[in-house]
Amino acid sequence: MYTQGLSGPDAAADSSARAPTMESPELATRFQERIDREDRIEANDWMPAAYRKTLTRQISQHAHSEIIGMLPEGNWVTRAPTLRRKATLLAKVQDEAGHGLYLYAAAETLGKSREEMFDELLTNKAKYSSIFNYPTLTWADMGAVGWLVDGAAIMNQIPLCRCSYGPYARAMIRVCKEESFHQRQGYEIMIALCRGTPEQKAMAQDALNRWYWPCLMMFGPPDSDSTHSDQSTKWKIKRFSNDELRQKFLDALVPQAEFLGLTLPDTDLRFEEGEGDSLDGAVHGHWRHGAIDWEEFRQILAGNGPCNRGRISARQRAHKEGAWVREAAAAYAAKQASQKAAA
Ligand code: BYC
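### Concerning the overall build of the protein
Alright, step 1. Helix and strand counts for the protein come out as 13 helices and two strands.
Alright, step 2. A globule of 343 residues ought to have a C-alpha radius of gyration of about 20 Å, and the protein, at 22 Å, matches this closely.
Alright, step 3. If you line up the protein on its principal axes, its C-alpha atoms span 70 × 50 × 35 Å.
Alright, step 4. Here the protein holds 343 residues, and 46% of them are scored as buried.

Structure, rendered in structure tokens:
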């Protein structure tokens, strides 16, 4: 019902309508030539089955992340300290729902139904971002999530605005505008806490301590262990590698933490002068982080993080409780269709 840009009125209902009709080396070469000259691939264009599959995987995981990502912050809507904070947080959480919907719509253009994607999420077959399996324990976590999680998300998503697949790239443009507001509202919460009482500043530091390492993991495994990067880079789905984006994030983060007067919980953090961006107009180089605990990341992906089970059971409950809404919408659509047919 939400699918955009498909070839015919019945295509959304029939996912085989989106299946590639043939594969050949000539078609694959021509496709790669289009990618190389920065053409945008659209829903009705021929594409290799593997390109369709990798995009469907990534976009649906991304959509799931937006939806599951509402839970840690939704947890604080009723406990936000002021009316203004409550209204802003509520708007942010609603934005995340919107992002999920744009992304499900973009994934549907590749031929996978929304029901199938929901089913994969609710039965633990689909991944979503590791970051949302950590708990939000204090109000300062709302600052840290906005500043760090949305900050990491923007770093990853800005290049996706130039992704070779049109519907995904266009969805990302709007998502990034909203994410940048989210990041600023989080940083502003951190500023308020850091300029407040010693207890408030300690709360901000504690939140940073808990979110720093999981945010570095958000960019995915190191390049040497990334299974999809090489192909996704050739197809211009990915414009930067996982490690490159992690590096950009860290270089932006260090001065932001300094401005707040907070300390990154990384005793091996060091500045390496040399090639690289100019950090303050004069010094060139990069901040290097200490060793990431990739075993923790693997455990989260295996479903053993502190909140994995709770997140999925919350979504299962919401899906069940929302059944009447889906049924009502389907009944209304059927009634409209039969009235149209009779007219
Ligand atoms: N968490 O070959 P790799 C948000 C998986 S929402 C879990 O490098 P790829 C927000 C990966 O899927 C932000 N799994 O993969 C919302 C693959 O497994 P499969 C979400 C991860 O795709 C609400 C395997 O590890 N952003 O910000 O080339 C409130 C090997 O990895 C993770 C997106 O989804 C992870 N962190 O690169 C606030 C962005 N990392 O599928 C904020 C779109 C990796 O083979 N996605 N894996 O079983 C991407 O850009 C890419 O998919 C990734 C990974 C960079 C994440």
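After presenting the structure, the write-up continues.
### A word on the site of the ligand
Alright, step 1. For the ligand, the set of nearby residues contains 33 residues, the closest of which are Gln61, Lys127, Ser226, His228 and Lys238.
Alright, step 2. In this structure, Arg57 approaches the ligand through a side-chain N or O atom, which is 3.0 Å from an oxygen atom.
Alright, step 3. Gln61 places a polar side-chain atom, nitrogen or oxygen, 2.8 Å from an oxygen atom of the ligand.
Alright, step 4. Elements with a minimum of two residues in the shell around the ligand: α2 (49-68), α4 (83-108), α6 (140-160) and α11 (294-301).
Alright, step 5. Residue contributions to the shell around the ligand peak at six residues, all from α2.

### A word on the nonpolar core
Alright, step 1. Among the nonpolar cores identified, the biggest contains 77 residues, and Tyr51, Trp147 and Tyr165 are the most heavily contacted of them.
Alright, step 2. Counting residues per element, this core draws most heavily on helix α7 (residues 166-194), at 11 residues.
Alright, step 3. Here Tyr51 is in contact with Phe31, Ile35, Ile41, Ser164, Tyr165, Trp235 and Ile237, once residues within four sequence places are set aside.

### As for the environment of Ser229
Alright, step 1. Note that Ser229 resides in helix α9 (residues 229-234).
Alright, step 2. C-alpha of Ser229 to C-alpha of Arg30: the two residues are 199 residues apart in sequence and 21 Å apart in space.
Alright, step 3. If sequence neighbours within four positions are ignored, Ser229 has contacts with Lys238 and Asn242.
Alright, step 4. Among the polar contacts made by the side chain of Ser229, one reaches the side chain of Lys238 at a distance of 2.8 Å.

### Overview of the side chain of Thr136
Alright, step 1. Within the secondary structure, Thr136 is located in the loop between α5 (114-122) and α6.
Alright, step 2. Classification of Thr136 as buried rests on a relative accessible area of 6%.
Alright, step 3. A distance of 3.0 Å separates the side chain of Thr136 from the side chain of Asn75, its partner in a polar contact.
Alright, step 4. Setting aside residues up to four positions removed in sequence, Thr136 forms contacts with Pro72, Asn75, Trp76, Asp141, Met142, Val145 and Trp211.

### Topic: the packing of aromatic side chains
Alright, step 1. Per the counting criterion, the structure on display carries 11 aromatic pairs.
Alright, step 2. Taking the centre distance of 5.3 Å and the plane angle of 50 degrees together, the rings of Phe219 and Phe249 count as tilted. One end of the pair, Phe219, is in the loop between α8 (198-217) and α9; the other, Phe249, is in helix α10 (residues 242-260), with 30 residues separating them in the sequence. The pair formed by Phe219 and Phe249 is uniform in burial state, with each residue classed as buried.
Alright, step 3. Ring-pair connections join several aromatic residues into one group, and the members of that group are Phe31, Trp46, Tyr51 and Trp235.
Alright, step 4. Above the face of the Trp76 ring, Arg79 is positioned so that its terminal group lies 3.9 Å from the ring centre.
Alright, step 5. Above the face of the Phe240 ring, Lys248 is positioned so that its terminal group lies 4.6 Å from the ring centre.

### A look at unusual backbone geometry
When glycine is set aside, most residues are seen to have a negative phi, and most peptide bonds are trans.
Alright, step 1. Notably, Asn124 is not glycine yet its phi reads approximately 60 degrees, a positive angle.
Alright, step 2. The phi angle at Lys236 is positive, at roughly 60 degrees, despite the residue not being glycine.
Alright, step 3. Residue placement: Lys236 occurs in the loop between α9 and α10.

About the thresholds
Residues numbered from 1 in each chain as written. Predicted model: local features only at pLDDT ≥ 70, side-chain atom pairs only at ≥ 80, totals over all residues. Heavy atoms only, no water. Helix = DSSP H or I, 4+ residues; strand = E, 2+ residues; numbered from the N terminus. Rg over C-alpha atoms; globule rule 2.2 N^0.38 Å. Buried < 20%, exposed > 50% of the residue type's maximum accessible area, 1.4 Å probe, protein only. Near = heavy atom within 4 Å. Polar contact = N/O pair within 3.5 Å; in protein donor to acceptor, adjacent residues only side chain to side chain. Core = buried A, V, L, I, M, F, W, Y, C linked by side-chain atoms within 4.5 Å. Contact = heavy atoms within 4.5 Å. Phe/Tyr/Trp six-rings, centres within 6.5 Å; stacked < 30°, edge-to-face > 60°. Lys NZ or Arg CZ within 6 Å of the ring centre and 35° of its normal.

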